[in-house]
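The primary structure of each chain is shown beneath.
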Amino acid sequence: MTRRSLGLRPAVLLTTLLAVLLPMALTGAAHAASGFTVRDPLGDVRILDRGAGWTGAELRSIDLRTVRVTRKSGGTVFRVRIADVRPRMDGDQMVFLTATPPKGAGRFPRLDVGMSAQQRDLGYAILTTGNTSYRTCDPLRARVDDRASAISLRIPKRCLPRTKVRLHVASYVGYFRSEGPSASKDKIPYTRPVRLR
Ligand SMILES: [Ca+2]
């Protein structure tokens, strides 16, 4: 394709090219997703209370396997795979994510996220940006993938820190959004600083 064949002046040609290419670039950006995965070994659940009424299999069911963080244009999805999602279990399988600044970079922003396979409508995210300032995204609905034993929560951008943070993940068997003690626990130690949005 030449200028002559199109019969266009350079400025018009440039405008035409931009008109074609710019929407393509914007579309590409809108659909771009990036992220990372944190892995944890199986078999490392800590039993806190054997006498709380749950079977050994139930107590070990929250064994963390992977945490996949996918940044999208509308927010970030945290997808946590555990050993065995049990939607009909009596009691709750819970996952909590905490994000804090790199060492020595102060206390804020701090992100607190909670989700449960049994209490799907009660997921939440709280972004604390100062001693008395915070934003809440509550309630958020968790998605449960039985076959993959995964619990996912999508957090809107307004409740995500803009700066790099270290991510900590913990899972429990107990009762979600209650003050009661938990019967078992697994955890992934703080990661290196990562971007969540
Ligand atoms: Ca584990």
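Note that the structure is predicted; figures quoted are calculated from it, not measured. All chains use their own residue numbering, which begins from 1 and follows the written sequence. Residues qualify for local features only when their pLDDT is at least 70, as the model is predicted, and side-chain atom pairs are given and counted only at 80 or more; totals for whole chains, interfaces and linings, by contrast, use all residues.

When a strand is regular, its side chains alternate between the sheet's two faces. Field definition: a residue is buried when 20 or more other C-beta atoms are found within 10 Å of its C-beta, exposed when 12 or fewer are, and partly exposed for counts in between, with C-beta atoms placed from the backbone. By definition, any uninterrupted DSSP run of H or I lasting at least four residues is a helix, any uninterrupted run of E lasting at least two residues is a strand, and each is numbered from the N terminus. Counting buried residues along strand β5 (residues 92-100), seven of its nine residues qualify, which places the element largely inside the surrounding structure. Any two strands are treated as partners once DSSP identifies two or more bridges connecting them. Pairing of β5 with strand β11 (residues 166-174) involves nine bridges; the strand directions are antiparallel. Paired with D92 across the two strands is G174, which belongs to β11. Two elements, β5 and strand β6 (residues 110-116), share six bridges in a ladder whose sense is antiparallel. When the bridges of β6 are listed, T98 appears paired with D112.

As a rule of thumb, soluble globular proteins bury nonpolar side chains together. What we call a nonpolar core is a set of buried Ala, Val, Leu, Ile, Met, Phe, Trp, Tyr and Cys residues whose membership is set by joining through C-beta atoms within 7 Å. Judged by nonpolar contacts, the single largest core of 37 residues is most densely connected at F78, V80, V113, A125 and I155. Looking at this core, the elements that each hand over two or more residues are β3 (64-72), β4 (75-82), β5, β6, β7 (123-128), β8 (134-140), β10 (150-156) and β11. Distance between backbone-placed C-beta atoms decides contact: two residues are in contact if it is within 7 Å. Leave out the neighbours within four places in its chain, and V113 touches F78, F96, L97, A125, L153 and I155.

Structurally, S184 can be placed in strand β12 (residues 184-188). Separated by 124 residues in the primary sequence, S184 and R60 have C-alpha atoms spaced 7.3 Å apart. The residues touching S184, leaving out its near neighbours within four places in the chain, are V45, R46, I47, L48, L59, R60, I62, Y172 and V173.

Further remarks concern the sheet that holds β11. In spatial order, the strands read β2-β12-β11-β5-β6-β7-β8; together these seven strands make up an open sheet with antiparallel pairing. Sheet topology places β2 (46-47) and β8 at the edges, where each strand pairs with a single neighbour.

In this section: the sheet that holds strand β9 (residues 143-145). As summarised here, the arrangement of the five strands in space is β1-β3-β4-β10-β9, forming an open sheet in which the pairing is antiparallel. Of all strands in the sheet, those bounded by a partner on one side alone are β1 (34-39) and β9. Along the sheet, successive strands turn relative to each other by an average axial angle of 15°, direction set aside. In this analysis an axis means a line fitted to C-alpha atoms, helices contributing only their contacting stretch, and an angle means the value between N-to-C directions, from 0 to 180 degrees.

Pairing geometry for β7 and β8, over five bridges, is antiparallel. Of the residues in β8, the one forming a bridge with A125 is C137. Taken together, β7 and the strand that follows it, β8, pair antiparallel across an intervening segment of five residues.

So, on to unusual backbone geometry. The step from F108 to P109 runs through a cis peptide bond, and the omega angle for that step is 0°. Among the secondary structure elements, P109 is positioned in the loop between β5 and β6. Note the cis peptide between D138 and P139, where omega equals 5°. With respect to the helices, strands and loops of the structure, P139 is situated in strand β8. One non-glycine residue, S149, lies in positive phi territory at about 50°. With respect to the helices and strands, the residue S149 is situated in the loop between β9 and β10. Backbone geometry places R177, a non-glycine residue, at a positive phi of 55°. Structurally, R177 is set in the loop between β11 and β12.

Nothing here speaks to function; it is geometry throughout.
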